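# Chains, contacts and geometry: an overview
Residue strings, one per chain:
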Amino acid sequence: MQTIRVLDSHTGGEPTRIIVEGGPELGTGPLRERLNIFREQFDDLRSAVMNEPRGSDVLVGGLLCRPTDPTCAAGIIFFNNAGYLHMCGHGTIGLMVTLHWMKQLGLGSHRIETPVGVVTATLLDEQRVSVQNVSSYRSRKSVAVDVPGYGRVTGDISWGGNWFFLVSDHGQDLQLAKWKELSEFTLKIRDALAQNGITGADGGEIDHIELFGPPQHANSDSRNFVMCPGGAYDRSPCGTGTSAKLACLAADGKLAAGAVWRQESIVGTIFEGSWLPDEHSAHKDAIIPTITGSAWITGEASLILQVSDPFRAGIRS
């Protein structure tokens, strides 16, 4: 029998499950190498924690790791029901609140190591966190793709820690009650991108689709619907997705450096985003985005994996 201790939280409605004890031994190498070891040797554990009957498609998980960089307070590897994530904004906010709950972090700024680089996260109070994300940039503007059943859809390809296809002109009604229709539409966009060989830079898979529309809150700038890799929509405004959006706004001259963009999610929660130029990036118009949001602890549990359990490794779809 194997026991895994987890702490659950939600950031703007999107759940995060952090493995704090009982995770796999991945060695002490760079987090990118440890992620590959996790994927190749311990993927059953990811599935057991994320998938039914212990998890759900909506969950995003994180494995708390000892960082290789001594200046970092923690290392983290993010994953979901379908596989592994490069970076997760809402998950980093949830991680900071979780570490504070565990009395491992105090208020203030802390460096967090991820497989795609070090981010700086500032715990503003017990719930509110600002994350200075990895360098973000728009790779291609106004890319058209024919989507079966919907016609031609045009969007921008942008990196915010994951690859996104961002669409504003889509004709969809961004209401929570329409989540099934929006899910079907965005999944078909993702399939069409893959079938037409449309990728991010260096062949990176575009595994997030983000729709934008008018906000419902008077003090918000935009409302979004984000389809995540595992087929579930993001309940939060999406940290890496908001970073990708900021990169597009900056490149188009629609948001000045330091100005605040208030991104509203499909469930009505809000992230605040701003950016500064990335003077060290080789990518034109690259930015350093900062995303601010709040998270709350929702539970603490010991997950039990019995040898005789036919679904020890979860139910894989």
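Here's a quick rundown of the structure. Everything numeric in this text was worked out from a predicted model, so none of it was measured.

## As for the nonpolar core
Formed by 59 residues in total, the largest nonpolar core has its most connected members in Phe165 and Ile189. Aside from chain neighbours lying at most four places away, what touches isoleucine 189 is Val147, Val153, Phe165, Ile209 and Leu211. With 19 residues, the next largest nonpolar core counts Ile4, Leu26, Cys65 and Leu305 among its residues.

## With respect to the pattern of salt bridges
Summed over all chains, the structure comprises 16 salt bridges. The shortest N-O distance in the salt bridge between glutamate 300 and arginine 5 comes to 2.6 Å. Residue glutamate 300 is located in strand S16 (residues 287–305), and its partner arginine 5 is located in strand S1 (residues 2–11); the two are separated by 295 residues in the primary sequence. The exposure class of arginine 5 is partly exposed, given its relative accessible area of 23%. Here the residues in one salt-bridge network are Asp43, Asp44, Arg46 and Arg316, joined through shared partners.

## With respect to the environment of aspartate 44
As for its placement among the helices and strands, aspartate 44 is situated in helix H2 (residues 43–50). Residues aspartate 44 and alanine 313, 269 residues apart in the sequence, show an inter-C-alpha distance of 5.0 Å. Excluding its chain neighbours within four sequence positions, the residues that come into contact with aspartate 44 are Ala313 and Arg316.

## Digging into the pairing of strand S4 (residues 74–80)
Note on strand geometry: in a regular strand, side chains alternate between the two faces of the sheet. The buried fraction of S4 amounts to 7 of the 7 residues, a majority that puts the element mostly inside the structure. Neither face of S4 is open: one carries Ala74, Ile76, Phe78 and Asn80, the other Gly75, Ile77 and Phe79, and all of them are buried. Where strand S3 (residues 60–65) meets S4, 6 bridges bridge the pair, whose relative direction is antiparallel. Each residue of the ladder has a partner; that of leucine 63, found in S4, is isoleucine 77. One ladder, built from 2 bridges, connects S4 with strand S6 (residues 108–114); its direction is parallel. Each residue of the ladder has a partner; that of alanine 74, found in S6, is isoleucine 112. One ladder, built from 2 bridges, connects S4 with strand S5 (residues 84–85); its direction is antiparallel. Within S5, the position partnered with phenylalanine 78 by the bridge is leucine 85.

Cut-off values and rules
- Residues numbered from 1 in each chain as written.
- Predicted model: local features only at pLDDT ≥ 70, side-chain atom pairs only at ≥ 80, totals over all residues.
- Heavy atoms only, no water.
- Core = buried A, V, L, I, M, F, W, Y, C linked by side-chain atoms within 4.5 Å.
- Buried < 20%, exposed > 50% of the residue type's maximum accessible area, 1.4 Å probe, protein only.
- Contact = heavy atoms within 4.5 Å.
- Salt bridge = Lys/Arg side-chain N within 4 Å of Asp/Glu carboxyl O.
- Helix = DSSP H or I, 4+ residues; strand = E, 2+ residues; numbered from the N terminus.
- Pairing = 2+ DSSP bridges.

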